[in-house]
Amino acid sequence: MTLNAGRPLRVLIPSDDHSFVPDQAAAYAGHGCQVVVGRRNLFLSNVPFDIVHLHWPEELVDWREPTAADIARVGATLKRWRRTAILIVTVHNLHPHGAVGSEPYRALYDVCYGQAHIISYFASAAMVLAERVNPVVAGKASVMHGPFGYHSLRRSDVSRESARRAMGIVASKRVVLVFGSLRFWAEIALLMRAYSRVMNPCKHLIYAGRYTEACGRLRYRWRMMRLRAWLASRSATVLNGYVSDTDMHAMLAASDVVVVPRIGALSSGIALMAMTFGPVVVAPDEGVFREFLQGTENPLYVPGDPYTLASALDEALAMDHEAMAVRNRSIGAAWTWERIAGQCLAAVESMGVESIGVESLGTESLEGEASCVY
């Protein structure tokens, strides 16, 4: 695709994420763009780009609460890019996980959203909530492109049977998987209270979660002791430490149900990953989860309520899991980065360079110190 000077567009995705950014980069490349990824490239000035596509503002400050100097540096950098490139920011969170009410993070988000030409969203619910929490995005040009799948993580050489044998799980069990970050103790308490009420006698829990709340060392240790004791009392399979792509595929292949115990979250890659692989998804009936899963037969529960979560888990465990896997994978197959990249490029094309204040898109070749070129 071309916008200026009849040459391919040059896209920078300043992120070191490994879960989906390579897929996004490949999608842009598939549309004829030259693509570079990597956070550090945002702060270089000797490599020209036409589009800079940002994801998490907090990644630009090394995933820590920013100082005034950090915010000033990011703001100055984005202001510089804004003169010669089109800035797209994709909304993932309303605020960084575990940092509700942080004024420095709010200022960082305002800087990133404020400099953006285009805001992209995975769901219309995300747009409504983002405009309520971060008013600076209101009135910005937007792209509502829908969800994405983790298709590159799927493998054909790991079967349900082999995955269960490797984990020592009996073939007849109905397996519930919990994985990813659990940001608040309330989410763990919700899971424990709900799972303890599930009636299905064949249930088996795989726990690969990470409790990430900052709550003080002693309180954290006490809570982890309680969680480990509860998991042991349920004879759960517990997977600690780093989970590789291969391990992720094996966990999902072994599972019948994936539960999303989120409270007050904008979205979650857990639901998207489950729809890519096929297990039944149990998620809160709100926001983007409702938008993604409505009409798919995947059970939803009242947010934060252990009783309706337990009922949803019982419903999910009783389903025809082979049929649901086919259905979910079919839905997830349409959630592609190729589609998302195409919609973002169409939005850039439709706006035009002059109308958004970009002084000029450079004509130099893609050279310099940029890393990870696609």
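Report on the accompanying structure.

**A short note on the overall build of the protein chain**
- Helix and strand content of the protein chain: 13 helices and 12 strands.
- Its C-alpha atoms give the protein chain a radius of gyration of 22 Å, within 12% of the compact-globule value 21 Å for 374 residues.
- Taken along the three principal axes of its C-alpha coordinates, the protein chain extends 65 × 45 × 35 Å.
- Within the protein chain, the proportion of its 374 residues that are buried is 53%.
- Accessible area of the protein chain: about 15900 Å², with a carbon and sulfur share of 53%.
- Here the protein chain holds 37 positive side-chain charges and 35 negative ones, and the gap between their average locations is 7 Å.

**Structural notes on the environment of Phe184**
- Inspection of the secondary structure assignment puts Phe184 in the loop between strand S7 (174-182) and helix H6 (185-195).
- Take Phe184: its relative accessible area is 23%, and that puts it in the partly exposed class.
- In this structure, the C-alpha to C-alpha distance between Phe184 and Glu161, residues 23 residues apart in sequence, is 34 Å.

**Details of the side chain of Asn134**
- Looking at the element boundaries, Asn134 is found in the loop between helix H4 (124-133) and strand S6 (141-144).
- For Asn134, a relative accessible area of 3% gives the class buried.
- Beyond its immediate sequence surroundings of up to four residues, Asn134 is in contact with Leu94, Tyr109, Asp110 and Tyr113.

**Here's the deal with helix H1 (residues 21-30)**
- Along H1, the residues classified as buried are Val21, Asp23, Gln24, Ala25, Ala27 and Tyr28.
- Where H1 is buried, its residues touch strand S1 (10-13), strand S2 (34-37), strand S3 (51-54), strand S4 (86-90) and helix H13 (337-351).
- Gly32, located one to two residues past H1, shows a positive phi value of around 90°.

**Things to note about the sheet that holds S6**
- An order of S2-S1-S3-S4-S5-S6 is seen for the six strands of this open sheet, with the pairing classed as parallel. With one partner strand each, in any of the chains shown, S2 and S6 form the two edges of the open sheet. With strand direction ignored, the average angle separating the axes of adjacent strands in the sheet is 20°.
- The sheet contact formed by S4 and strand S5 (residues 118-121) spans three bridges and is parallel. Looking at the pairing, Val89 lines up with Ile119 of S5.
- Across the sheet, helix H2 (residues 68-82) is in contact with S1, S3 and S4; its angle to S4 comes to roughly 130°.

**Quick look at the packing of H6 against helix H11 (residues 306-317)**
- Following both chains from N to C, one finds H6 and H11 inclined at 55°, their axes separated by 8 Å at the closest point. As summarised for this structure, H6 and H11 are arranged oblique, according to the angle between their axes. Note on packing geometry: the crossing formed by H6 with H11 is right-handed. Side by side, H6 and H11 meet where Leu190, Arg193 and Ala194 of the first sit next to Pro306, Tyr307, Leu309 and Ala310 of the second.
- Residues of the contact of H6 with H11, tallied by class, amount to six nonpolar, no polar and one charged.

**Considerations on unusual backbone geometry**
- Although it is not a glycine, Ser235 sits at a positive phi angle of roughly 50°.
- Here Ser235 shows up in the loop between helix H7 (217-233) and strand S9 (237-238).

**Topic: the pairing of S2**
- For S1 and S2, the ladder comprises four bridges, and the chain directions are parallel. Note that in S2 the partner of Leu12 across the bridge is Val36.
- Crossover connection from S1 via H1 to parallel S2: handedness right-handed.

**Regarding the pattern of salt bridges**
- One pass over the full model with this rule turns up 13 salt bridges.
- Salt bridges here are not isolated pairs; linked through shared partners, they connect Arg7, Arg10 and Asp50.

**Remarks on the side chain of Ser15**
- With respect to the helices and strands, the residue Ser15 is situated in the loop between S1 and H1.
- Residue classification places Ser15 among the buried residues on the basis of a relative accessible area of 3%.
- Ignoring anything within four residues of it in the chain, the contact list for Ser15 reads Val21, Val37, Gly38, Arg39, Trp56 and Glu59.

**Observations regarding the packing of aromatic side chains**
- With the rule as written, the count across this model stands at 14 aromatic pairs.
- Both rings, one in Phe20 and one in Phe148, keep their centres 4.9 Å apart while their planes meet at 50°; by these two values the pair is tilted. Linking Phe20 in the loop between S1 and H1 with Phe148 in the loop between S6 and helix H5 (160-167), this pair joins segments that are 128 residues apart in sequence. The same class applies to Phe20 as to Phe148, namely buried.
- Ring centres of Trp185 and Tyr211 lie 5.7 Å apart, and the angle between their planes is 65°; on these two criteria the pair is classed as edge-to-face. Here the residue Trp185 occupies a position in helix H6, and Tyr211 occupies one in strand S8 (residues 203-211), the gap between them amounting to 26 residues. We note that Trp185, like Tyr211, is buried.
- Feature note: the residues Phe20, Trp56, Trp63, Phe122, Phe148, Tyr150 and Trp337 constitute an aromatic cluster, connected by ring pairs.
- Over the ring of Phe43 we find Arg73; its NZ or CZ atom is 3.8 Å from the centre of that ring.
- Over the ring of Trp81 we find Arg80; its NZ or CZ atom is 5.0 Å from the centre of that ring.

Rules behind the numbers
- Residues numbered from 1 in each chain as written.
- Predicted model: local features only at pLDDT ≥ 70, side-chain atom pairs only at ≥ 80, totals over all residues.
- Heavy atoms only, no water.
- Helix = DSSP H or I, 4+ residues; strand = E, 2+ residues; numbered from the N terminus.
- Rg over C-alpha atoms; globule rule 2.2 N^0.38 Å.
- Buried < 20%, exposed > 50% of the residue type's maximum accessible area, 1.4 Å probe, protein only.
- Areas by Shrake-Rupley, 256 points an atom, 1.4 Å probe, with all protein chains shown as cover.
- Lys, Arg positive; Asp, Glu negative; His and termini not counted.
- Charge placed at Lys NZ, Arg CZ, Asp CG, Glu CD.
- Contact = heavy atoms within 4.5 Å.
- Pairing = 2+ DSSP bridges.
- Axes fitted to C-alpha atoms, helices over the stretch in contact; angles between N-to-C directions.
- Parallel < 35°, antiparallel > 145°, perpendicular 65-115°, else oblique.
- Left-handed = near helix turned anticlockwise from the far one by under 90°.
- Nonpolar A, V, L, I, M, F, W, Y, C, P; charged D, E, K, R; others polar.
- Right-handed = clockwise from strand over helix to strand, strands pointing away.
- Salt bridge = Lys/Arg side-chain N within 4 Å of Asp/Glu carboxyl O.
- Phe/Tyr/Trp six-rings, centres within 6.5 Å; stacked < 30°, edge-to-face > 60°.
- Lys NZ or Arg CZ within 6 Å of the ring centre and 35° of its normal.

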